[in-house]
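These are the residues of each chain, in order.
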Amino acid sequence: MGIQIEHPGLLSTLQDLGRTGLQHLGVPVNGAMDETSHRMANLLVGNAEEEATLEITLSGPRLHFQEDAVIAVCGANMAPMIDGEPLPMWRPVRVRAGVRLLFGRPQIGCRAYLAVAAGFDVPAVMGSRATAVRGAYGGFNGRALRKGDVLPLRSPEEAHTARWVGLLAHKQSRFAYPNWSVSRHKMPYRVVPQPLRILPGRHWQNFPVVMREQLVEAEYRVGNDSDRMGYRLSGPALDARRSHDVLSEGMVTGAVQVPPGGQPIILMADHQTTGGYPVIAVVIGVDLPVVAQLAPGDTLRFKLATQEESYAAAIAREQQLELVRQALAVRLR
Amino acid sequence: MAEAAANTPQLHAMGDRALVAEYGRALSVPINARVRAAAEHLLAHPLPGMTDVVPAFAALTVHFDPLLVAAHHRTADPVTAMRDALQHALAKAPDLPKRKARTVEIPVCYGGEFGEDLALVAQRSGLSEEDVVQVHSGTEYYVYTLGFLPGFAYLGGLDRRLVTPRLESPRKRVPAGSVGIGGDQTGVYPFETPGGWNLIGRTPIALFRFNEEAHAVIEPGDRVRFLAIGPRDFQALRDKR
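Residues numbered from 1 in each chain as written. Chains lettered and ligands numbered in written order. Predicted model: local features only at pLDDT ≥ 70, side-chain atom pairs only at ≥ 80, totals over all residues. Heavy atoms only, no water.

Student: Give me the interface of chain A and chain B: which residues, what numbers.
Tutor: In this complex, chain A contributes 41 residues to the contact, which on the side of chain B involves 45 residues. Overall, the association of chain A and chain B removes approximately 3500 Å² of surface from exposure, summing both partners, and the carbon and sulfur fraction of that is 64%. The interface formed by chain A and chain B holds one salt bridge in total. Where B:Glu22 meets A:Arg202, a salt bridge forms, and the shortest distance between an N and an O atom there is 2.8 Å. Where chain A touches chain B, the interface holds 14 residue pairs in polar contact (both at pLDDT 80 or more). (Contact = heavy atoms within 4.5 Å. Buried area = accessible area lost by both parts, 1.4 Å probe. Salt bridge = Lys/Arg side-chain N within 4 Å of Asp/Glu carboxyl O. Polar contact = N/O pair within 3.5 Å; in protein donor to acceptor, adjacent residues only side chain to side chain.)

Student: Explain the pairing of strand β13 (residues 196–200) of chain A residue by residue, including any values.
Tutor: In the case of a regular strand, side chains alternate between the two sheet surfaces. Pairing of β13(A) with strand β22 (residues 302–304) of chain A, which is carried by three bridges, proceeds in the parallel orientation. Along β22(A), the bridge assignment pairs A:Arg197 with A:Lys303. (Pairing = 2+ DSSP bridges. Helix = DSSP H or I, 4+ residues; strand = E, 2+ residues; numbered from the N terminus.)

Student: How would you summarise the packing of aromatic side chains if you had to cite specific residues and measurements?
Tutor: Applying the stated criterion across every chain, the model contains 17 aromatic pairs over all chains. Taking the centre distance of 5.8 Å and the plane angle of 40° together, the rings of A:Tyr137 and B:Phe191 count as tilted. With A:Tyr137 in the loop between β10 (108–116) and β11 (150–152) and B:Phe191 in the loop between β10 (185–188) and β11 (193–195), this pair bridges two chains. For the ring pair B:Phe57 and B:Tyr144, a centre distance of 5.4 Å and an interplane angle of 45° mean the geometry is tilted. With B:Phe57 in the loop between β3 (50–55) and β4 (59–64) and B:Tyr144 in strand β6 (residues 141–146), this pair connects stretches of sequence that are 87 residues apart. A residue is classified by how much of its surface remains accessible, and B:Phe57, at 10% relative accessible area, is buried. Taken together, the ring pairs in this structure connect B:Phe57, B:Tyr142, B:Tyr144, B:Phe148, B:Phe152, B:Tyr154, B:Tyr189 and B:Trp197 into an aromatic cluster. (Phe/Tyr/Trp six-rings, centres within 6.5 Å; stacked < 30°, edge-to-face > 60°. Buried < 20%, exposed > 50% of the residue type's maximum accessible area, 1.4 Å probe, protein only.)

Student: Now, about the sheet that holds strand β18 (residues 265–267) of chain A: what can you tell me, with residues and values included?
Tutor: Residue and element names in this part refer to chain A. Within the open sheet, the eight strands sit side by side as β21-β14-β15-β18-β17-β20-β13-β22. Their pairing is mixed. Edge positions in the sheet fall to β21 (299–300) and β22, since each of these pairs with one other strand and no more. Sheet contacts for helix α3 (residues 209–217): β13, β14 (220–222), β20 (279–283) and β22; angle to β22, the most-contacted strand, approximately 125°. (Axes fitted to C-alpha atoms, helices over the stretch in contact; angles between N-to-C directions.)

Student: Tell me about the environment of A:Leu304, and name the residues and values.
Tutor: Residue and element names in this part refer to chain A. Along the chain, the position of Leu304 falls in strand β22. Classification of Leu304 by relative accessible area gives partly exposed; the value is 41%. A sequence separation of 109 residues divides Leu304 from Pro195, and the C-alpha atoms of the two residues are 9.3 Å apart. The residues contacting Leu304, other than those within four sequence positions of it, are Ile198, Pro200, Trp204 and Val216.

Spelled out as structure tokens, the structure:
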């Protein structure tokens, strides 16, 4: 019993907040690319934020629910449909056993997150349920979902979801939802693209001033070979020749690396623990979900920020999540 | 090789979630030992808000959660607070790691179906296949750091004669345990993965285990020797796993 995968979509993997604390052994962090949408989806079904969600990429899966569940879909709008009717996003939805949930292509964004109340029943590997496709461990059998898989669900404790079920149970339809949702302003990205806020990287000073200026003035395009490891950008080349040869060292998600060809790469959730290209800049943590929602072919710009702005943005995000948490508590009282 | 490490490392911010402590810029065993000692110290005495410690060749990267650091130090400037805390902690770190480095023997079945590119490496080097095996297994390698994949060791010391450029198009699938040469580096793939190194053999032992606790068979600072074995021993060791 669980969710049967009738069509897997392009790349659907279980992800959580990542596998931290083992990078000294070469273990990458992995985890949800758009942390904000992942956390919000969990919040809306009453889960801990560390619970795994299903990360759905670019082209959606078809899921057959074999049991009742309370779900929430956040992130990219991939026109989710339940038995032919639109499924509203950014709110809890009660679905009955037997329904089919179908995702299409994203109208906005690149990745959607499906949370299920009580969570997916898969074992934690090294403290995390994030799928490491390279290495083939974690998540559901260490891999992306395939046709015919059945994703097991944990049985919700009665007290845990009683409030959600109570809220939605008065309707006998195949699915039911409240008439409220997370405000548009609380969503992690906007329809109008925002420049990505960056801080100077470890080798910022090794790049000539003109190159640094170019990075924030130019427009870059997200390459087709961009994935969970890194976003490969194309645009004016950044001359890294003046930068000294660097020995590989620990890398951070959001690092803007400049390989010899001069076309920058933004390291993302599946990046290796170490890397050897010069790092001109680092995307601030709060803007990583914005990167995660860019699809191949999209364009982006960088904007130089400060540590103060980065911290203020991080606090603002926590406040937004806290407001949703409080509003939810009031609605479910 | 004998380049000395800086007495106090230079600290650099790596964005808003990590700091890098740079002990030098050269590939050197003494510098690497300082990096390892510092990492060992931090792992034994974690700083509040610290999430990961990555000792590399000559620098140590410390990852942290800015919100946790800010809450602990009651500040709106977590990067500066972490930098101060790190500076303080690193000043107390010993110069040499406490962990005793080991010499790890890795059994390898060279050539044939286990190492499809052995002939290519031999041809490039001008040596016979037997000589390549002898040189590769007759060298002691130093483990600088782990990275790329869980338990993947970056080894120093490859004999110059065996330096072989990476494959022009990487293989889609390199079997777990494959021993390869890529440029002036040699190493063992702990997991099945795409890869561009020339494969010369394969080990039957698992280099990374995570049944109970995550465990890398080879750790930074260790010395590695490859022991040539035949297909029969390969199978026997594999079955024991």
